[in-house]
Amino acid sequence: MREENVRKKEESADKKRRKKIFLYAVILVLSVIAVYFLTTYILTITKVINQGYFRINDFVITSTVEVEEVIENGVSEEKVAEDNEIENELEISKELSLNISQKNTFSLLVPKAEEAKIDRIYLSDVKVIDEEEIYYINSGNEEKISNNDLEIKYSEEENEYLLEFSLLNKNILENVKLPDNVDTIVYDGTLLKTLNYDVENLKYHFSARLNIVDSMGRISYTDISLELPKGELGNSGIVIERENLEEYTLKLKQKYLQF
């Protein structure tokens, strides 16, 4: 009888242990689910709300071509398309040939903030896919794209900061001759069509992280990922496109994530 009571007590204790284990397992699963949904919610919110003191007010990309006239005696002159259209009526000479590059200019406006002042702006994690001869231009300085951070010089205009930099696909065509039946050309993207150049050959993917550092050392950042050049450059000549700002909300880089 005594042994029977001991056995029943042991069975009861075992059942209680199993119930506790099951309860703890349920609590653990529910906690994991709660953390997952909370994290997803926070990440979703931070994608549409700017953190910190800065935001991007406007983001425009302008795709153009640059043309350099080359004469056989070594004389050359660079021609740049401006104001959407520059016509150059030429006496076509057999000596005239052209070097052509393709340029994408990034223009961003960031409003000033009373609580913080910008100290530095730069690009990090820069990657270019499907094209090797890409050069970075900022305030007239030109350098080939590498793994190094790229500084962005900016100017202050009234209550905004203007950020501008360019990517140059250098000499996509070199020493090309104009067709014999051409006596008037426009130094913009339509020149590529005149020369029967397939604009699809220009396509490449550019990605980078835009970092804005304030005077207190806090870093606001957003990622850029684009197919370039924009639009139908061969038909339009110059393409100007405004980016969707919802894709470029600024997030604060947390110090505990920095290694």
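Residues numbered from 1 in each chain as written. Predicted model: local features only at pLDDT ≥ 70, side-chain atom pairs only at ≥ 80, totals over all residues. Heavy atoms only, no water.

## Quick look at the nonpolar core
Ranked by internal contacts, the top residues of the largest apolar core, which has 32 residues, are Phe 106, Leu 123, Leu 167, Phe 206 and Leu 210. Put simply, the parts of the chain that give this core at least two residues each are strand 1 (58-71), strand 4 (96-111), strand 5 (118-129), strand 6 (134-138), strand 10 (160-176), strand 12 (204-214) and strand 13 (219-228). Looking at this core, the element that brings in the most residues is strand 12, giving five residues. Setting aside its immediate chain neighbours within four residues, Phe 206 contacts Phe 106, Leu 123, Val 126, Lys 127, Val 128, Leu 167, Ile 224, Ser 225, Leu 226 and Leu 228. Counting 20 residues, the second-largest nonpolar core is a separate cluster that includes Ile 172, Tyr 187, Leu 191 and Leu 233. (Core = buried A, V, L, I, M, F, W, Y, C linked by side-chain atoms within 4.5 Å. Buried < 20%, exposed > 50% of the residue type's maximum accessible area, 1.4 Å probe, protein only. Helix = DSSP H or I, 4+ residues; strand = E, 2+ residues; numbered from the N terminus. Contact = heavy atoms within 4.5 Å.)

## What about the packing of aromatic side chains?
In this structure the tally under the stated criterion is six aromatic pairs. Between the aromatic rings of Tyr 154 and Tyr 161, the centroid separation amounts to 5.7 Å while the plane-to-plane angle is 80°, which identifies the pairing as edge-to-face. We classify Tyr 154 as partly exposed; its relative accessible area is 28%. For Tyr 161, a relative accessible area of 4% corresponds to the buried category. Between Arg 120 and the ring centre of Tyr 122, over which it is positioned, the NZ or CZ distance is 3.9 Å. When the ring centre of Tyr 135 is taken as reference, the NZ or CZ atom of Lys 170 above it lies at 5.0 Å. (Phe/Tyr/Trp six-rings, centres within 6.5 Å; stacked < 30°, edge-to-face > 60°. Lys NZ or Arg CZ within 6 Å of the ring centre and 35° of its normal.)

## Some points on the sheet that holds strand 13
Judged by pairing direction, the sheet is antiparallel, and its five strands sit side by side in the order 8-5-12-13-15 without closing on themselves. Edge positions in the open sheet fall to strand 8 (150-151) and strand 15 (251-252), since each of these has one partner strand only. Here two bridges tie strand 5 to strand 8, and the two strands are oriented antiparallel to one another. By the bridge assignment for strand 8, Leu 123 is matched with Leu 150. (Pairing = 2+ DSSP bridges.)

## Side note on the pairing of strand 4
Along any regular strand, the residues point their side chains to alternate faces of the sheet. For strand 4, the buried fraction is high: 15 of the 16 residues fall into the buried class. For strand 1 and strand 4, the ladder comprises 14 bridges, and the chain directions are antiparallel. Residue pairing for strand 4: Thr 62 is matched across the bridge by Thr 105. Pairing geometry for strand 4 and strand 10, over twelve bridges, is antiparallel. Each residue of the ladder has a partner; that of Leu 109, found in strand 10, is Leu 162.

## Some points on the pattern of salt bridges
Throughout the structure, instances matching the rule amount to ten salt bridges. Put simply, Arg 209 and Asp 223 hold a salt bridge, and the shortest N to O gap is 2.8 Å. With Arg 209 in strand 12 and Asp 223 in strand 13, this residue pair connects regions lying 14 residues apart in the sequence. Close ionic contact of Glu 241 with Lys 230 constitutes a salt bridge, the shortest N to O distance being 3.7 Å. In this pair, Glu 241 is assigned in strand 14 (residues 239-242) and Lys 230 in the loop between strand 13 and helix 3 (233-236), connecting sequence segments eleven residues apart. According to the relative accessible area criterion, Glu 241 is partly exposed, its value standing at 30%. Connected via shared salt-bridge partners are Lys 230, Glu 241 and Glu 243. (Salt bridge = Lys/Arg side-chain N within 4 Å of Asp/Glu carboxyl O.)

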